[in-house]
Amino acid sequence: MALTIQSAQNIFSNTQVPSQIPATIALFDQLSVDDQLAYLWFAYTEMGKTITPAAPGAARLQLAESLLNQIKQMSAEEQTRVMRDIASRADSPISRSYGFFSVNTKLAFWYELGELMKQGVVAPIPTGYQMSPGVQLVLEATKKLDPGQQITVLRNTVVNMGFDTSDLGPSSYPKAVEEPAFTRTAPPVSSVKIDGITEPAVLGYIEAMNADNFDQAISLFTPDGALQPPFQKPIVGHEAIAKYMREEAQGLNMMPQKGICENLSDGSKQLKITGVVQTPWFGVTVGMNIAWRFLINPEGKIFFVAIDMLASPEELLNLRRV
Ligand code: 45D
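Source: prediction; values computed, not measured.

Asker: Run through helix H9 (residues 147-160), naming residues and quoting values.
Answerer: The periodicity of an α-helix, 3.6 residues per turn, causes residues three or four places apart in sequence to face the same way. Taking 1.5 Å of rise per residue, 14 residues should cover 20 Å, and H9 covers 20 Å from first to last C-alpha, within 8% of that figure. Along H9, 10 of the 14 residues are buried, which leaves the element largely enclosed by surrounding structure. Here H9 starts with a cap whose side-chain oxygen sits 3.0 Å from the backbone nitrogen of glycine 148, and that cap is aspartate 146. Among the residues trailing H9, glycine 162 stands out with phi positive, at a value near 90 degrees.

Asker: Describe the pattern of salt bridges, with residues and values.
Answerer: A complete count under the given rule lists 11 salt bridges for this structure. In this structure, glutamate 247 engages lysine 243 in a salt bridge whose closest nitrogen and oxygen atoms are separated by 3.2 Å. Of this pair, glutamate 247 and lysine 243 both sit in helix H12 (residues 238-248), four residues apart, which is roughly one turn of the helix.

Asker: Go over the site of the ligand, please, and point to the residues and values.
Answerer: Neighbouring the ligand are 30 residues; Leu40, Tyr44, Trp110, Tyr205 and Trp292 lie closest to it. Side-chain polar atom of tyrosine 205 to an oxygen atom of the ligand: 2.6 Å apart, as the coordinates give it. Separating an oxygen atom of the ligand from a side-chain N or O atom of tryptophan 292 is a distance of 2.9 Å. Contact with the protein chains covers 97% of the free accessible surface of the ligand, which is 1,000 Å². Put simply, the parts of the chain that give the shell around the ligand at least two residues each are helix H3 (33-47), helix H7 (103-118), H9, H12 and strand S5 (288-296). It is H7 that contributes the most residues to the shell around the ligand, five residues altogether.

Asker: Go over the side chain of serine 95, please, and point to the residues and values.
Answerer: With respect to the secondary-structure elements, serine 95 resides in helix H6 (residues 93-100). Within the structure, the side chain of serine 95 is placed 3.0 Å from the backbone nitrogen of phenylalanine 163, a separation counted as a polar contact. Once you skip the residues sitting within four places of it in the chain, serine 95 turns out to touch Asp85, Ile86, Arg89, Ala90, Gly162 and Phe163.

Asker: Run through the environment of arginine 96, naming residues and quoting values.
Answerer: As for its position among the elements, arginine 96 is in helix H6. Judged by relative accessible area, which is 30%, arginine 96 ranks as partly exposed. It is 7.6 Å that separates the C-alpha atoms of arginine 96 and aspartate 164, two residues lying 68 residues apart in sequence.

Asker: Go over the environment of alanine 311, please, and point to the residues and values.
Answerer: By the secondary structure assignment, alanine 311 is in the segment after strand S6 (302-309). Residues alanine 311 and alanine 208, spaced 103 residues apart in sequence, show a C-alpha to C-alpha distance of 27 Å. Ignoring anything within four residues of it in the chain, the contact list for alanine 311 reads Val17, Pro18, Ser19 and Gln149.

Asker: Describe the sheet that holds strand S4 (residues 269-278), and please don't skip the residues or the numbers.
Answerer: With respect to topology, six strands assemble into an open sheet ordered S2-S1-S6-S5-S4-S3, the strand pairing being mixed. One side of each edge strand has no neighbouring strand; the edge strands of this open sheet are strand S2 (235-236) and strand S3 (253-263). The sheet contact formed by S3 and S4 spans 10 bridges and is antiparallel. Directly across from lysine 258, in S4, lies its bridge partner threonine 274.

Asker: Go over the UniProt feature "domain: OCP N-terminal" (unreviewed entry) in the protein, please, and point to the residues and values.
Answerer: With numbering aligned to this structure, UniProt lists the feature "domain: OCP N-terminal" (unreviewed entry) at residues 18-169. Between the C-alpha atoms that bound residues 18-169 the distance is 35 Å, and the span itself is 66% helix and 0% strand.

Asker: Give a detailed account of the environment of arginine 60, specifying residues and quantitative values.
Answerer: Within the element layout of this structure, arginine 60 appears in helix H4 (residues 58-72). Residue arginine 60 is classed as buried on the basis of its relative accessible area of 4%. Remark: the alpha-carbon pair of arginine 60 and glutamine 136, spanning 76 residues in sequence, is separated by 33 Å. Those residues within four positions of arginine 60 in sequence are excluded, and the remaining contacts are Ser102, Asn104, Thr105, Ala108, Glu179, Pro180 and Phe182.

Criteria and thresholds
- Residues numbered from 1 in each chain as written.
- Predicted model: local features only at pLDDT ≥ 70, side-chain atom pairs only at ≥ 80, totals over all residues.
- Heavy atoms only, no water.
- Helix = DSSP H or I, 4+ residues; strand = E, 2+ residues; numbered from the N terminus.
- Expected span 1.5 Å × (residues − 1).
- Buried < 20%, exposed > 50% of the residue type's maximum accessible area, 1.4 Å probe, protein only.
- Polar contact = N/O pair within 3.5 Å; in protein donor to acceptor, adjacent residues only side chain to side chain.
- Salt bridge = Lys/Arg side-chain N within 4 Å of Asp/Glu carboxyl O.
- Near = heavy atom within 4 Å.
- Areas by Shrake-Rupley, 256 points an atom, 1.4 Å probe, with all protein chains shown as cover.
- Contact = heavy atoms within 4.5 Å.
- Pairing = 2+ DSSP bridges.
- UniProt positions renumbered as here; feature names shortened; annotations may be inferred.

Printed below as a string of structure tokens:
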């Protein structure tokens with residue numbers, strides 16, 4: 001039987017126990033735009049008492065510079081309007097430019113705005129703003145998450161902002177820009193050991209990713225292979241996966257701990273591995289508990305890998321299939 005992405009998505013389906021991350025984002029989505037901006041400000045400053053992201057490098061900030069300069073020169077009212085436009089995905093010039101930013105450039109843009117807000121150069125919250133009870137509710141829900149989940153909520157809200165440029169068509173795309181590299185927070189791990197796992201494609205994948213060697217990682221996939229990031233649809237084919245990795249997988253420290261491997265009747269194998277991932281934004285201070293679910297074809301190539309955020313640390317030990 002030919003492998004299909006749809007059937008691959010269902011391996012170890014008990015991994016996807018309901019996560020509080022989409023639930024929290026759903027609450028956030030119901031807030032008015034001013035409440036959303038206020039929530040992000042309170043959540044970010046509250047979080048900043050224990051963890052703060054690393055400052056994005058100069059090369060990264062340069063990509064957002066023209067937008068930031070425009071905003072700095074605006075009146076407080078105009079600044080508020082721009083932030084409302086971006087947060088509500090309005091079709092305005094600035095919200096369009098933001099919509100074309102890569103994930104990490106979006107984060108860098110807000111990082112810098114946050115700094116400017118702390119310095120009083122940019123207005124944090126609209127004047128006369130009255131907090132609705134909903135904000136408190138989402139803040140309470142956020143407090144219950146572990147730090148890895150909290151930064152995922154912040155990241156995903158920022159990613160969803162800006163005018164949705166996916167429908168505009170290639171002719172409107174700005175020239176592709178080189179993604180600046182992240183500095184690694186730890187030296188690359190040269191030999192990977194995972195309790196219960198000897199599959200070369202999996203060990204090779206982790207080793208290549210920990211060295212930002214994406215060409216090497218992609219050579220382990222079948223040409224029609226797919227990678228499914230947390231809460232996203234599968235990304236299919238070498239070219240699309242390579243683009244994704246350059247934009248979003250740089251500088252990650254992957255620390256798989258243990259796993260199981262099961263042989264299927266057609267000669268393929270399914271594996272589930274749990275462990276911790278660190279993002280270069282927070283370095284070693286925040287770990288995200290995740291699972292990788294691999295489907296390896298009979299020739300030893302990766303046909304599918306899904307990355308799932310675990311609902312709780314207990315899920316690190318949940319390697320049973322049913
Ligand atoms: O609106 O094997 C203000 C893959 C107020 C690849 C603000 C992976 C106003 C394959 C405070 C200014 C990548 C899938 C906003 C593995 C306002 C693979 C600012 C997994 C917005 C393992 C807010 C990787 C700010 C994973 C500045 C799971 C927020 C990576 C900043 C996860 C938030 C990475 C930041 C995560 C969040 C990174 C910097 C969750 C970064 C999160």
